[in-house]
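A structural walkthrough
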Amino acid sequence: MNLKVLPALLALPLLGACAPLASILANSENEGPRPRTAGPLTVGQTWTVSGPIDGRTVTQSVNIPNLLDVADGTASVSGLDQAQAFDSNQAGFSVATFNKDRRTLRFNWIAEDGAQYTCQIDTLLSQPYSGRLTLKKSGYEATGTCTATSSS
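Our subject in this report is the structure included herewith.

**Considerations on the overall build of the protein chain**
Counting its secondary structure elements, the protein chain contains two helices and 11 strands. Of the regular secondary structure in the protein chain, the N- to C-terminal order runs α-β-β-β-β-β-β-α-β-β-β-β-β. Residues counted as buried form 34% of the 152 residues belonging to the protein chain. Relative to all contacts within the protein chain whose residues are 6 or more apart in sequence, the contacts with residues 24 or more apart total 37%. Carbon and sulfur atoms make up 54% of the accessible area of the protein chain, which amounts to about 9,400 Å² in all.

**Some words on the state of the cysteines**
Applying the stated criterion to the full structure yields one disulfide. Each sulfur of the disulfide joining Cys-119 and Cys-146 lies 2.0 Å from the other. Note on the Cys-119 and Cys-146 pair: the S-S dihedral is about 85°, so by sign convention the disulfide is right-handed. Residue Cys-119 is found in strand β9 (residues 116-121), and its partner Cys-146 is found in strand β11 (residues 140-150); the two are separated by 27 residues along the sequence.

Cut-offs applied
- Residues numbered from 1 in each chain as written.
- Predicted model: local features only at pLDDT ≥ 70, side-chain atom pairs only at ≥ 80, totals over all residues.
- Heavy atoms only, no water.
- Helix = DSSP H or I, 4+ residues; strand = E, 2+ residues; numbered from the N terminus.
- Buried < 20%, exposed > 50% of the residue type's maximum accessible area, 1.4 Å probe, protein only.
- Contact = heavy atoms within 4.5 Å.
- Areas by Shrake-Rupley, 256 points an atom, 1.4 Å probe, with all protein chains shown as cover.
- Disulfide = S-S within 2.5 Å.

Function cannot be read off these values alone, since they describe shape.
Next up, the structure:
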């Protein structure tokens, strides 16, 4: 037997051992990139935020179509879009914001009647998250409690 061929023959059993690892790596590449996350927020999620305030219970769904860097953390909508929506009191608008420095989560939305709501969550231990709900409309302000749960 040629001595140059012997190392190649000895390496053949080792190549077989690499096949499972190669298969796992190939499968993970096919899954594509993972969605962007910021704290508990993940692109593609829908959050349900609700709570009692001012003698009634309000509920809002907040979608996370994207996560963008904004002045106070990472949000589902750009800072400019947020400013325009709240300045014009755009009914149906909602945004989720995660502040990584403070480890807080905030949901803001504008109801059909023009009321602006904020659910501020300061402790992110386990879902459903609980926090403080604030309602503002035409100079009137009320507070209550809120919970937030993601659907995924």
